[in-house]
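Spelled out from the first residue to the last, the chains are:
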Amino acid sequence: MTRLLDRYMIDGLVADGLVAGGSGVQVMRPELRDVPAHWHDYYELGYVLDGTARHVVNGVSRPLRPGGVFLLTPTDFHELHVASTTPLTCYNVVVEPDVAERWLDRALPAPPGVAGPPWLTDDPSFGPDFDRLWRESSGRRPGAAALADAVLGCILIELARRCPDPVTAGAEAPAGPRGGADPAGGDIRRAVQYIERRFREPLTLAEVAAYVHLSPNYFSERFGQVVGTSFQSYLQARRLRFARSLLASTSLGVTEICHAAGFNSPSHFGRAYRRRFGAAPSAGRTPTPSPPDEPAASDPG
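Residues numbered from 1 in each chain as written. Predicted model: local features only at pLDDT ≥ 70, side-chain atom pairs only at ≥ 80, totals over all residues. Heavy atoms only, no water.

Enquirer: In this structure, what is going on with the overall build of the protein? I would like to understand it.
Expert: Broken down by element type, the protein carries 10 helices and 11 strands. Burial status across the protein gives 46% buried among its 301 residues. Accessible area for the protein stands at about 14,700 Å²; split by element, carbon and sulfur atoms hold 53% of it. (Helix = DSSP H or I, 4+ residues; strand = E, 2+ residues; numbered from the N terminus. Buried < 20%, exposed > 50% of the residue type's maximum accessible area, 1.4 Å probe, protein only. Areas by Shrake-Rupley, 256 points an atom, 1.4 Å probe, with all protein chains shown as cover.)

Enquirer: What am I meant to see in the pairing of strand β9 (residues 78–82) here?
Expert: One face of the sheet, then the other: side chains in a regular strand alternate in exactly this way. In terms of burial, β9 is a largely internal element, 4 of the 5 residues being buried. Sheet analysis places strand β4 (residues 35–40) next to β9, joined by 2 bridges and oriented antiparallel. Directly across from H38, in β9, lies its bridge partner H78. Alignment of strand β6 (residues 53–57) against β9, held across 5 bridges, turns out to be antiparallel. (Pairing = 2+ DSSP bridges.)

Enquirer: So what exactly am I meant to see when it comes to the pattern of salt bridges here?
Expert: Between side chains of opposite charge, a pair can form when the charged atoms approach closely. According to the stated counting rule, one finds 8 salt bridges in the structure shown. For R141, the salt bridge is made with E136, and the minimal N-O distance between the two is 3.3 Å. For R141, a relative accessible area of 55% corresponds to the exposed category. Here R238 ties to E196 by a salt bridge, and the two come within 2.9 Å at their closest N and O atoms. Here R238, found in helix α8 (residues 231–249), pairs with E196, found in helix α5 (residues 187–198); they are 42 residues apart in sequence, far enough to count as distant. The exposure class of R238 is buried, given its relative accessible area of 10%. For E196, a relative accessible area of 12% gives the class buried. The network of salt bridges with shared partners includes D123, E158, R161 and R162. (Salt bridge = Lys/Arg side-chain N within 4 Å of Asp/Glu carboxyl O.)

Enquirer: Just to check I follow, could you spell out the packing of helix α3 (residues 127–136) against helix α4 (residues 144–162) for this structure?
Expert: Two quantities define a packed helix pair, namely the angle between the helix axes and the distance between the axes. For the pair α3 and α4, the least separation of the axes is 9 Å and the interaxial angle reads 155°. Taken together, the axes of α3 and α4 lie roughly antiparallel to each other. In terms of crossing hand, the pair formed by α3 and α4 is left-handed. Contacts from D129, F130, R132, L133 and E136 of α3 reach α4 at A144, L147, A148, V151, L152 and I155. The residue makeup of the contact of α3 with α4, split by class, is 8 nonpolar, no polar and 3 charged. (Axes fitted to C-alpha atoms, helices over the stretch in contact; angles between N-to-C directions. Parallel < 35°, antiparallel > 145°, perpendicular 65-115°, else oblique. Left-handed = near helix turned anticlockwise from the far one by under 90°. Contact = heavy atoms within 4.5 Å. Nonpolar A, V, L, I, M, F, W, Y, C, P; charged D, E, K, R; others polar.)

Enquirer: Where do I start with helix α7 (residues 216–227) in this structure?
Expert: Think of an α-helix as turning once every 3.6 residues; residues three or four places apart then point the same way. The end-to-end C-alpha distance of α7 is 16 Å, a good match for the 16 Å that 12 residues give at a rise of 1.5 Å each. Within α7, the full set of buried residues consists of F219, R222, F223, V226 and V227. Along the long axis of α7, the arc covered by the buried residues comes to 105°, so they all point the same way. Residues N217 and Q225 are exposed on α7 and point more than 90 degrees away from its buried face. Buried positions along α7 lie against α5, α6 (205–211) and α8. (Expected span 1.5 Å × (residues − 1). Arc of directions from axis to C-beta.)

Enquirer: Even after reading the chapter, I still don't get the packing of aromatic side chains, so can you show me in this structure?
Expert: Aromatic rings in a pair are described by how distant their centres are and how their planes are angled relative to each other. Tallied over the full model, the rule gives 14 aromatic pairs. For the ring pair F199 and F242, a centre distance of 5.3 Å and an interplane angle of 75° mean the geometry is edge-to-face. Here F242 lies in helix α8 and F199 lies in the loop between α5 and α6, a separation of 43 residues in the sequence. The same class applies to F199 and to F242, which are both buried. (Phe/Tyr/Trp six-rings, centres within 6.5 Å; stacked < 30°, edge-to-face > 60°.)

Enquirer: Teacher, can you tell me more about the packing of α5 against α7 here?
Expert: Here α5 crosses α7 at 90°, and the two axes come no closer than 10 Å. The orientation of α5 with respect to α7, classified from their angle, is roughly perpendicular. Contacts between α5 and α7 involve D187, I188, A191, V192 and I195 on the former and, on the latter, F219, R222, F223, V226 and V227. Grouping the constituent residues of the contact of α5 with α7 by class yields 8 nonpolar, no polar and 2 charged.

Enquirer: What exactly am I supposed to notice about α5 here?
Expert: Between its first and last C-alpha atoms α5 spans 17 Å; for 12 residues at 1.5 Å apiece the expected length is 16 Å, and the two agree. Within the sequence span of α5, burial applies to D187, I188, R189, A191, V192, Q193, Y194, I195, E196, R197 and R198.

This is the structure:
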């Protein structure tokens, strides 16, 4: 029997007292062992203080070591496999989407594509800013909330500057607002952000058009002009890429992946997947390797 991926909700963190109501941000400093694959409905910002691990983000494994920084969106799924004998000690910052995107809009005013997180880099120079964010997040000093918000903004903007744009770096990225093609207030860019956060949920053109205060007909026309594809094509392609990542990196069944990616019908999902990738979803499953005859060498991290 396959296991559904965990999804952590910020409402649950508020209810458990881990995120202060109304602040939109909570800084924690956990000691982590292996963390199974999961996703969440908030942005997650992290900085490693001690220990090493393999960090698997959207099915891609990367080393995580002291000085490692990462920012994940509500559409990313990830897991941790600790490689060191000691736990992975890190700053873990839970950020409500509205708070994160207020700063990210300033860092990325006119992306050539849907450029943005996940961002992952190694840069110990971020350490002092995370230390200060940790200190100010207690809220005990005058102006602490405002200063913590400013420090968070500095971290996000610096991270945006130092991480490569997935379009220019050659990684597969969804079609998105073309640089300079959305001059009237960034309405289509905001629509794309909305889709990126909610593509796994039932989503209609009318809902997204209402979010950016445009009529459905005008929004549909404008979306095609700016993004270069229709709303429905964009949404389906985004769901299919997510499904392909789940197939390659989890043990979820095809039916579970179909629903996790936002499709209602397994048959519709199968037809769309074959049209997009030229093979059935089952062909995207990464074979489970046989156990080695001898213990594998330890991962230096």
